[in-house]
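An overview of the molecular structure
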Amino acid sequence: MKDLKSVSVLMPARFYDRAAERILDAFDAVLIDRPDPALIPADKRETITGMAALLNPDWVPVIEALPSLEIISNFGVGYHPVPSLHAIGKGICVTHTPDVLNEEVADTAIGVLLNTLRRFDQAGQWVRDGKWETVGNFTPSPLTLRGRTVGLFGLGRIGKAIARRIEGFGLPVHYHARRRVEDVPYEYHPTLTGLTEAVDTLICIVPGTPETRHAVNAGVLEALGPDGVLVNVARGSVVDEKALIAALRNGTIAAAGLDVFEDEPYVPADLMEMENTFLTPHIGSGSAHTRAAMGDLVADNLVSWFEKGEAVTPVPEAKKKGLAKRP
Ligand code: NAP
Ligand code: 8YV
């Protein structure tokens, strides 16, 4: 078995706890403070063969500066298309962290949905501010989950986990994806507008790709209607944020719950000021339990690659290109 301490793996200096611990323990870890190729030690450039990161386009110059790079282990099931496809184009395997976060992200989606409808955050603040005692009862929420019809934009690993929860609430589930999913009892809509016309609650759980960019636009929000509620736990790029702000302001839809934003961590002041929004800072998978499982999978992919010659969870584009195994 290969001595992994002879394998150099590049990693951000501030990385997710479990992933960092495992990589530091197993490999010759090379840490850089930010994705700047100038920070890579000169004597490591030729020898670094593995990398762990939460990929975004800033990592492209780093990938370019590492001629021996074989594998990038991405922290997260979602992988930014720009650096990922760039790396795959160069014959580098890219892996991600599917499945270990399905139930956590589905829990978050339901939490965001319920908070958006019932304003639990505002109600809790009412108690903390002493207003229950000094002012009186908190106003009943204008919106409810009761009687809703829920549409899922995306019915993959996480979408199915969300759908099971919605079924548990006794509500009908519809969905849109490019392909119909076999063996599910939910109504399929071949277009997003068709889905949105049929439902009053839309939960986005698709990847952030050029195809899904601004898929939720002014027309889709119009179709959702004045009682409509949007939940986005996918990627900020999926929703046209300007169109959403306008729709929330003028009553085109009723409310929105957002875990992801177009330019994170920047959140438009308009969204923060509105009473009909519920906002969370990209915490879909954000429990210590699930982040540790993701960190383990990030490390497992690197260990398996260098010990057994194959990735555990390559992204589909890497698999398709025959990059799931070490040449
Ligand atoms: P998945 O299993 O690959 O499912 C993706 C779903 O989206 C599939 O139903 C797919 O069906 C559909 N889809 C893909 N491209 C589409 C398009 N252009 N138009 C319509 N539907 C499309 O992925 P997953 O594991 O469920 O994760 C989904 C996404 O959730 C991730 O990529 C990530 O961006 C996001 N996420 C967010 C958080 C968070 O913290 N907020 C956490 C985890 C994941 P078809 O291929 O048939 O179209
Ligand atoms: C983030 C996610 O990766 O898995 C994904 O696609 O969006 C999340 O799990 C995680 O929050 C790290 O920022």
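Just so it is clear, the structure is predicted and the values come from calculations on it, not from any experiment.

So, about helix 4 (residues 102-118). Counted at 1.5 Å a residue, the expected span for helix 4 with its 17 residues is 24 Å, and the 24 Å between its end C-alpha atoms agrees. Directly beyond the C-terminal end of helix 4, a positive phi value near 55° is found at R119.

As a further point, take the sheet that holds strand 12 (residues 277-279). Remark on secondary structure: sheet strands pair via backbone hydrogen bonds, oriented parallel or antiparallel. The seven strands lie next to each other as 8-7-6-9-10-11-12, forming an open sheet whose pairing is parallel. Of all the strands in the sheet, the pair left with one neighbour each is strand 8 (187-188) and strand 12. Where strand 6 (residues 150-153) lies against strand 7 (residues 173-176), four bridges are found, and the strand directions are parallel. Within strand 7, the position partnered with L152 by the bridge is Y175. Running at roughly 175° to strand 6, helix 7 (residues 157-168) makes contact with strand 6, strand 7 and strand 9 (201-204) of the sheet. Contacts between helix 10 (residues 241-249) and the sheet are confined to strand 10 (229-232), strand 11 (255-258) and strand 12, with strand 11 contributing the most and set at about 140° to the helix.

On to the site of ligand 2, then. If you check the shell around ligand 2, you find Y16, L54, F75, G76, V77, G78, L101, R235, H282, S285, R291 and M294 and nothing else. One of the side-chain N or O atoms of Y16 is found 2.9 Å from an oxygen atom in ligand 2. A distance of 2.7 Å is found between an oxygen atom of ligand 2 and a side-chain nitrogen or oxygen belonging to H282. Summarising the interface, the protein chains cover 89% of the accessible area of ligand 2, which totals 330 Å² for the free molecule.

Scoring rules and cut-offs
Residues numbered from 1 in each chain as written. Chains lettered and ligands numbered in written order. Predicted model: local features only at pLDDT ≥ 70, side-chain atom pairs only at ≥ 80, totals over all residues. Heavy atoms only, no water. Helix = DSSP H or I, 4+ residues; strand = E, 2+ residues; numbered from the N terminus. Expected span 1.5 Å × (residues − 1). Pairing = 2+ DSSP bridges. Contact = heavy atoms within 4.5 Å. Axes fitted to C-alpha atoms, helices over the stretch in contact; angles between N-to-C directions. Near = heavy atom within 4 Å. Polar contact = N/O pair within 3.5 Å; in protein donor to acceptor, adjacent residues only side chain to side chain. Areas by Shrake-Rupley, 256 points an atom, 1.4 Å probe, with all protein chains shown as cover.

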